[in-house]
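A closer look at the structure
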Amino acid sequence: MKTNRLSEKLTTVLNTQVTGEAQASQLYLSYGAWASSQGYTGIAKFLFRHAEEERNHMTMILEYILKRGAKVSIAAIPAPPKHPAGISDCFEKIFEHEVSNTKSIYSVVKLSLDEEDWATWNFMQWFVKEQVEEESFAMNLMDKIKIAGGEKASHNELYSLDRDMENRHIDEKSAIEVTAANP
Ligand code: FEO
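Cut-offs used in this document
Residues numbered from 1 in each chain as written. Predicted model: local features only at pLDDT ≥ 70, side-chain atom pairs only at ≥ 80, totals over all residues. Heavy atoms only, no water. Helix = DSSP H or I, 4+ residues; strand = E, 2+ residues; numbered from the N terminus. Rg over C-alpha atoms; globule rule 2.2 N^0.38 Å. Buried < 20%, exposed > 50% of the residue type's maximum accessible area, 1.4 Å probe, protein only. Contact = heavy atoms within 4.5 Å. Phe/Tyr/Trp six-rings, centres within 6.5 Å; stacked < 30°, edge-to-face > 60°. Axes fitted to C-alpha atoms, helices over the stretch in contact; angles between N-to-C directions. Parallel < 35°, antiparallel > 145°, perpendicular 65-115°, else oblique. Left-handed = near helix turned anticlockwise from the far one by under 90°. Core = buried A, V, L, I, M, F, W, Y, C linked by side-chain atoms within 4.5 Å. Arc of directions from axis to C-beta.

The next point concerns the overall build of the chain. Scanning the chain for helices and strands turns up six helices and zero strands. Listing the helices and strands of the chain from first to last along the sequence gives α-α-α-α-α-α. Here the chain has a C-alpha radius of gyration of 18 Å; the compact-globule value for 183 residues is 16 Å, and the two agree. Principal axes of the C-alpha set define a box for the chain whose edges measure 65 × 25 × 25 Å. Within the chain, the proportion of its 183 residues that are buried is 45%. Taking the intrachain contacts of the chain between residues at least 6 apart in sequence as the baseline, contacts between residues at least 24 apart amount to 82%.

The following block contains the structure:
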């Protein structure tokens, strides 16, 4: 008896999204290590915390695939991009990454809609909402560095920004509460 409740196409795009979230986690880890090496310990902590959140996203999707009786395929993760040129470039690249991830999430939602797979459509709505938070926070980061003077920001301004970031989460509420076991 067939118990797999996901189509082949949806299984493929969901597995691709698992890899995408793992890749996002590596990107935040890489940027966090770079920020720490530049002396931005607050920004580094923020980026490391977010790397963990991306891992949670990955696990949430992986568990969903399994719950629907389909097969998880763990693929190789592409290497993260080169180190950013500075804090301003770092925040811009984070924003670009989140916009690209939103597109990827939307393609899963679109397919679930086309296939009338309402369980998957419903599951993906959490990610749609999450991407609004993540894009919004990334925009906020770019505003902060712009106000601080962009690449020409003074040491004092960068120091304040770094301290401000130490305890921040991209999505203050869900980042603290969400785990793979408790999405
Ligand atoms: Fe899992 Fe930054 O999106």
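Another aspect to go through is the packing of aromatic side chains. The final tally for this structure, using the stated rule, is four aromatic pairs. Relative to Phe-137, the ring of Phe-46 lies with its centre 5.6 Å away and its plane at 25°, an arrangement referred to as stacked. One end of the pair, Phe-46, is in helix α2 (residues 41–67); the other, Phe-137, is in helix α4 (residues 118–147), and 91 residues separate them in sequence. Of the two residues, Phe-46 and Phe-137, neither departs from the other in class, the shared state being buried.

Quick look at unusual backbone geometry now. Backbone geometry at Glu-116 places phi at a positive 55°, although glycine is not the residue there. Position of Glu-116 among the secondary structure elements: in the loop between α3 (87–114) and α4. Note on Glu-116: relative accessible area 58%, which makes it exposed.

Two measures define how a pair of helices packs: the angle their axes make with one another and the distance between the axes. Following both chains from N to C, one finds α3 and α4 inclined at 165°, their axes separated by 9 Å at the closest point. Between α3 and α4, the crossing angle belongs to the class labelled roughly antiparallel. Crossing of α3 over α4 shows left-handed handedness.

So, on to the nonpolar core. Counting 25 residues, the largest nonpolar core has Ile-43, Leu-47, Ile-87, Phe-91 and Ile-94 as its most contacted members. Of all the secondary-structure elements, those providing two or more residues to this core are α1 (8–37), α2, α3, α4 and α5 (155–165). The residues touching Ile-43, leaving out its near neighbours within four places in the chain, are Ala-35, Ile-87, Phe-91, Asp-162 and Met-165. Membership of the second largest hydrophobic core comes to 19 residues, among which are Met-60, Tyr-64, Ile-65 and Ile-105.

Where α5 is concerned, the buried positions are Leu-158, Leu-161, Asp-162 and Met-165. Buried residues in α5, looked at end-on, bunch into an arc of 100°, giving them a common side. Seen from the open side of α5, the exposed residues pointing more than 90 degrees away from its buried face are Asn-156, Tyr-159 and Arg-163. Here the buried face of α5 lies against α2, α3 and α4.

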